[in-house]
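# Residue-level structure breakdown
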Amino acid sequence: QTGLITLDLGYKNTGATLSEITYLDGDKGELFYRGYPIEQIAEKSNFTEVMYLLLHGDLPTADQFNTFNGNIKKYNFVAEEMKKIIDAFPRSAHPMGVLSSLTSALTAFNPKAVNVNSKEEMDLAAELLIAKFAHLAAWTYRKTLGLPLNHGDNSLNYVENFYKMSFRQPNADFEINPVVVEALDKLLILHADHEQNCSTSTVRMVGSAHTGLFASVSAGISALWGPLHGGANQAVIEMLELIEKDGGDVNKWVAKAKDKNDSFRLMGFGHRVYKNFDPRAKIIKKAADDLLVALGIEDKALEIAMQLEKVALEDEYFIERKLYPNVDFYSGIIYRALGIPTEMFTVMFALGRLPGWIAQWKEMRLKGDPIGRPRQVYQGSQQRDYIDIANR
Ligand code: SDX
């Protein structure tokens, strides 16, 4: 207490808004999308249906699903001029920086998605962005490889379409591997929303100034890029590769993570809200196991991850601080098995989180949340008079 306000660095205990979208119980390690347990949704639903659920509040009837799906297919293209923007980036540009720029640039080609105020206008902007974002995510990957940019294929479902736009090789037939698409679909579902995390709060904050949806999501992409947030999935694999190269001594690296004089942290471990196992990590760990067996892949990184998890979960330091594997700890194992390069992992997170960002932005606007403007505790200089430079 400073007499003025209660200091809450990092909004650790701030109730920033009222929401009906996602509920998570950090102590029990439970997560619900619009009241449905994540375990049931991951098992029984699909990513397009989850997008509808988050955006509209209920599971769609067959007609509602077909209309939603049809609208997304209607917008399943991106203006050719956008290719000139992506061409301007060096191949070495990190895909998250390219994705954030392209998402904001998309505004210029979709004026209807800028000044939206009614629910109908917001739903249109949402369907436009959902359809076009799959291209942008696929194109950021193709850019890193210098491959031609593919347009969408409306004969496929949303995830198959993204997968084909990303991986179809020039002048070669392309086969959709159902095992791969199923793993991707599940991963995207598990990343779809997570209440007021850093990137979603960013989308809400930017949107609270009545900034358009595309530019608000572009800001969320930048927040997600950080290694303490969505960028952790890339950092986890880089950490596992480092430990493998260093001889695989997980005890040494767990000790480093505990050492306050060492900046090393166990990436993919710990969470602001979950003080128990992240329910998504449990589902992803099983999906990773199943996928590696289905594809006949032996991945040393998975072995090291499981050893790390075992050692950490038995260690006083991690137990005391309630540090468990989070959503990012195992997701990279799956992306790697699918042939997705490390620098694309966080783009996959962004593709998954897109419906959550949009649903939260829409809810904030429809509920009329005021512009975000938190206060501070001032610790700078007290009042003083200006001194001319000659006298300084
Ligand atoms: C995501 O919010 C969300 O919902 C996010 C997310 C989503 O779906 O949107 O779930 C996605 O971002 C998951 C988190 C991915 N990030 C990482 O895996 C990076 C590694 N984790 C940490 O940096 C950390 O755990 C955070 C950032 C996730 C949470 O940080 P907090 O809540 O600010 O906790 P803290 O930094 O204050 O840590 C508390 C204590 C500290 O020790 P003490 O000062 O008490 O001695 O735990 C320690 C920390 O040093 N600690 C760790 C650790 N995480 C916390 N020590 C070693 N390794 C770690 N990973």
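Data block above holds the structure.
What you see is a predicted model, and the numbers here were worked out from it, not measured in a lab.

## Things to note about the overall build of the protein chain
In terms of regular secondary structure, the protein chain is built from 17 helices and three strands. Since a compact globule built from 392 residues should have a radius of gyration of about 21 Å, the 22 Å found for the protein chain is in line with a globular shape. Each principal axis of the C-alpha distribution contributes one length, and for the protein chain these read about 70 × 55 × 50 Å. A buried classification covers 51% of the 392 residues belonging to the protein chain. Considering only residue pairs separated by 6 or more positions, the protein chain has 76% of its internal contacts joining residues 24 or more positions apart. For the protein chain, the accessible area works out to roughly 18900 Å², and carbon and sulfur atoms hold 51% of it.

## With respect to the packing of aromatic side chains
Scanning the model with the defined rule gives 13 aromatic pairs in all. On the basis of an interplanar angle of 50° and a centroid distance of 5.8 Å, the ring pair of Phe277 and Tyr324 is categorised as tilted. Taken as a pair, Phe277 in the loop between helix H12 (250-258) and helix H13 (279-295) and Tyr324 in the loop between helix H15 (316-320) and helix H16 (327-337) lie far apart in primary sequence, 47 residues in all. Given the relative accessible area of 14%, Phe277 is considered buried.

## Re the packing of helix H2 (residues 47-56) against helix H6 (residues 119-145)
Their axes nearest at 12 Å, the elements H2 and H6 cross at an angle of 155°. The orientation of H2 with respect to H6, classified from their angle, is roughly antiparallel. Considering the relative orientation of H2 and H6, their crossing is right-handed. The segment H2 lies against H6, with Met51, Leu55 and His56 engaging Lys119, Asp123, Ala126 and Ile130. Taken together, the residues of the contact of H2 with H6 break down into four nonpolar, one polar and two charged.

## What about the site of the ligand?
Taken together, 25 residues surround the ligand, and among them His194, Gly268, His271, Arg272 and Arg280 come closest. Within the side chain of Tyr317, a nitrogen or oxygen atom sits 3.0 Å from a nitrogen atom of the ligand. Asn326 is positioned such that a nitrogen or oxygen atom in its side chain is 2.9 Å from an oxygen atom of the ligand. Protein coverage of the free-state accessible area of the ligand, which is 1100 Å², stands at 80%.

## Thoughts on unusual backbone geometry
Glycine aside, the phi torsion of most residues is negative, and most peptide linkages are trans. Look at Arg34: it is not a glycine, yet its phi comes out positive at around 50°. Here Arg34 lies in the loop between strand S2 (30-33) and strand S3 (36-37).

## Observations regarding a positive patch on the surface
A cluster of like positive charges, contributed by Lys12, Lys260, Arg265 and Arg272, occupies part of the molecular surface. Looking at the secondary structure, you find Lys260 in the loop between H12 and H13. Since its relative accessible area comes to 62%, Lys260 is described here as exposed.

## Quick look at the pattern of salt bridges
Applying the stated criterion to the full structure yields 19 salt bridges. A salt bridge links Arg204 to Glu363; the shortest N-O distance between them is 2.5 Å. Note that Arg204 is positioned in helix H9 (residues 198-207) and Glu363 in helix H17 (residues 345-367), a separation of 159 residues in sequence. As far as burial versus exposure is concerned, Arg204 and Glu363 are alike and both buried. Asp262 is the salt-bridge partner of Lys256, the closest N and O atoms lying 2.7 Å from each other. Connected through shared salt-bridge partners, Lys119, Asp123 and Lys362 make up one network.

Rules used throughout
Along every chain, residues carry numbers that run from 1 in the direction the sequence is written. It should be noted that, the model being predicted, local features are given only for residues of pLDDT at least 70 and side-chain atom pairs only at 80 or more, the latter also being counted only at that level, while totals for whole chains, interfaces and linings use all residues. The basis for the side-chain values is all heavy atoms of the structure; hydrogens and waters are excluded. Where helices and strands are cited, they refer to DSSP runs of H or I of at least four residues and of E of at least two residues respectively, numbered from the N terminus. Here the globule rule reads 2.2 Å times residues to the power 0.38, and the radius of gyration is calculated from C-alpha atoms. Whether a residue is buried, partly exposed or exposed follows from its accessible area with a 1.4 Å probe, protein chains only, as a fraction of its type maximum: under 20%, in between, or over 50%, in that order. By the convention used here, residues are in contact when the closest approach between their heavy atoms is within 4.5 Å. Accessible surface is estimated by sampling points in the Shrake-Rupley manner with a 1.4 Å probe; for residues, cover comes only from the protein chains shown. Classification of ring pairs uses Phe, Tyr and Trp, with its six-membered ring standing for Trp, and accepts pairs whose centres are within 6.5 Å; under 30 degrees between planes counts as stacked, over 60 as edge-to-face, and the remaining range as tilted. Lines fitted to the C-alpha atoms define the axes, with helices restricted to the stretch that makes contact. Angles between their N-to-C directions range from 0 to 180 degrees. By definition in this entry, angles of less than 35 degrees are roughly parallel, angles greater than 145 are roughly antiparallel, angles of 65 to 115 are roughly perpendicular, and the rest are oblique. The crossing is said to be left-handed when, going from far helix to near helix, the turn is anticlockwise and less than a right angle, and right-handed when the turn is clockwise. Here the nonpolar group is Ala, Val, Leu, Ile, Met, Phe, Trp, Tyr, Cys and Pro; Asp, Glu, Lys and Arg are the charged ones; every other residue, Gly included, is treated as polar. Note on definitions. A residue lies near a molecule or strand when any single heavy atom of the residue is within 4 Å of it. Polar contact criterion, stated in full: a pair of N or O atoms within 3.5 Å, where within protein one must be able to donate a hydrogen and the other to accept it, and residues adjacent in sequence count only if both atoms are side-chain atoms. Surface patches are defined over residues having more than 30% relative accessible area and no salt bridge, joining like charges when they lie within 9 Å and nonpolar side chains (Val, Leu, Ile, Met, Phe, Trp, Tyr) when within 5 Å. A pair is scored as a salt bridge if a Lys or Arg side-chain nitrogen falls within 4 Å of a carboxyl oxygen belonging to Asp or Glu. For the purpose of charge, His is not counted, nor are the chain termini; Lys and Arg are scored as positive and Asp and Glu as negative. Where a charge lies is defined by one atom per residue type, namely NZ (Lys), CZ (Arg), CG (Asp) and CD (Glu).

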